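# Chain and residue survey
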Amino acid sequence: MPSAEVYFPENHMITIHLKRNREKSVRGGNPWIFSGSIDRVSGTPSAGEHCIVRTFQGEPLGCGYYNHHSAITVRMLRWGEEAFNDAALSTAIQQAIAQRQSILGDDTDSCRLINSEGDFLPGLVVDSYTGGLVMQIQTAGMERMREAVVAALVSVCTPPFIYERSDPESRAREGIAGAEGICYGSLPPGLVIRENRLVFGADIARGQKTGFFFDQRHNRALLRSYAAGRCVCDCFSYSGGFAVSALAGGARSVDAVDQSEAALRQLRDNVAANNLDGGRVTTYTADVFSFLRETGARYDCIVLDPPKFARHPGEVERASRGYKDINLLACKNSAPGGIIFTFSCSNAVDARLFRQIVFAAAADSGRRFQLLHSLAAGPDHPVNLAHREGEYLKGLVLRAEG
Ligand code: SAH
């Protein structure tokens, strides 16, 4: 069992006072406090140390953890005067996991269990792969609670394994070293997960992110409902979440494009594992920009699910040009009546900006489009309503005039 260490407020003295009138967003539930909002810090906190947050006048707002290495200097853990200790951590983990029960069942056996700020556990992401856990610890504050996190996950989930795949870039921003490898149990070879009654092999240790992108589960089901009889192009296909769904929905053909040969190998295995007709699939190891520019094909359905083009606000302009380019190419390459599923997973590009970019691309193509759906990540990726930055995945479904 985890030790009963009390992080707040009994056993430490670090106090953060905000600048005058800077408490509104924290009071409203936003967990991020930027360095520019902080007036003074009492004590000399080390990276990730727990702290009490007070208004300029000294009124307590709650507790969080502090890291002077990060532009997000404090992340809130609790509001009000409630203590944050190992028991509170374990309860938050338990609550997050309990909310996923409606997702898991015969159709789907794997999903995100803990979604960082969206589950009021900033810096902690946990995905379940048929009960085995892949964990990301992204901040110095969460790193300090590592032992208690692992103990709580073991006691709540009794997993066969916990494997760490923390994103080295996020950790570097926090001033902490990368972390990867087995934390508990042992990793089985050849892991297979079930999503929407389809099966997918997932490479937890070497694949992208934690091995599979659970955030698109609902959107893949939607694509499947549109796929019958269509010639589909799955751009940035990775291991074929969309491509396999399209085939299962009766697509006439699927072209899958990704720069990673390993991902496309996994895609072909995933097609076979679902007993789908591999003859209807062609994989292209290629850059999507060049592929769409050079292909003469006109598709009835195009999926654009690129990686994060903007990793921080400084990259938004460059990213916007990238999104505009691929969306313009998709608009030009759509057959009459063709459907485009287009996504952005950059937090720094908000839903409004993304819509503007896609609409501008559609206008530049000289064709007319209808908007059919606005999409987001599924409910296993909850967003704290006061934390707009948590809403990272945006999608639009367009139909070209017939
Ligand atoms: N659609 C996928 C997830 C996509 S992840 C799914 O449903 O699971 C993004 C993918 O884009 C990665 O597999 C990466 O290899 C690929 N990628 C990144 N930049 C690329 C580029 N310029 N051209 C082709 N593929 C690219």
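The rules we used
- Residues numbered from 1 in each chain as written.
- Predicted model: local features only at pLDDT ≥ 70, side-chain atom pairs only at ≥ 80, totals over all residues.
- Heavy atoms only, no water.
- Helix = DSSP H or I, 4+ residues; strand = E, 2+ residues; numbered from the N terminus.
- Buried < 20%, exposed > 50% of the residue type's maximum accessible area, 1.4 Å probe, protein only.
- Core = buried A, V, L, I, M, F, W, Y, C linked by side-chain atoms within 4.5 Å.
- Domains from an automatic or database assignment.
- Contact = heavy atoms within 4.5 Å.
- Salt bridge = Lys/Arg side-chain N within 4 Å of Asp/Glu carboxyl O.
- Pairing = 2+ DSSP bridges.
- Axes fitted to C-alpha atoms, helices over the stretch in contact; angles between N-to-C directions.

### Some remarks on unusual backbone geometry
- Of note in the backbone geometry, Asn21 takes a positive phi value of approximately 60 degrees without being a glycine.
- For Asn21, the position within the fold is in the loop between β1 (15-18) and α1 (24-27).
- On the accessibility criterion, Asn21 (63% relative accessible area) is exposed.
- In this structure, Tyr238 takes a positive phi of about 50 degrees despite not being glycine.

### Let's talk about the nonpolar core
- Within the largest apolar cluster, 39 residues are counted, with the highest numbers of intra-cluster contacts made by Tyr129 and Phe341.
- Among the secondary structure elements, those contributing two or more residues to this core are β10 (161-165), β13 (198-201), α6 (217-226), α7 (241-248), β15 (253-258), α8 (261-273), β17 (299-304) and β18 (334-344).
- It is α7 that contributes the most residues to this core, five residues altogether.
- Residues lining this core come from more than one domain, with at least three contributed by each of domain 2 (86-185) and domain 3 (213-400).
- Non-local contacts of Phe341, meaning those with residues more than four positions away in its chain, are made with Asn219, Leu222, Leu223, Tyr226, Cys301, Ile302, Val303, Leu304, Leu375, Leu396 and Val397.
- Counting residues in each nonpolar core, the second largest holds 30 residues, with Val257, Phe291, Leu292 and Ile357 among its members.

### Quick notes on the pattern of salt bridges
- Applying the stated criterion across every chain, the model contains 25 salt bridges.
- A salt bridge links Arg27 to Glu59; the shortest N-O distance between them is 3.1 Å. Placement of the pair is Arg27 in helix α1 and Glu59 in the loop between β4 (50-54) and β5 (60-66), with a sequence separation of 32 residues.
- Its relative accessible area of 44% is what places Arg27 among the partly exposed residues.
- Classification of Glu59 by relative accessible area gives partly exposed; the value is 39%.
- Here Arg75 and Glu174 are joined by a salt bridge, their closest N and O atoms 3.5 Å apart. Taken together, the residues Arg75 in strand β6 (residues 72-79) and Glu174 in the loop between α5 (168-173) and β11 (180-185) connect sequence positions 99 residues apart.

### Focus: the sheet that holds strand β20 (residues 394-400)
- Spatial ordering of the open sheet is given by β16-β15-β14-β17-β18-β20-β19, a layout of seven strands whose pairing is mixed. Of all strands in the sheet, those bounded by a partner on one side alone are β16 (281-285) and β19 (369-376). The sheet shows a mean angle of 15 degrees between the axes of neighbouring strands, direction not considered.
- Of the strands in this sheet, β15 and β16 touch α8, which is tilted by about 170 degrees from β16.
- Against the sheet, helix α11 (residues 351-364) makes contact with β18, β19 and β20, and its axis sits at roughly 25 degrees relative to β20, the strand it touches most.

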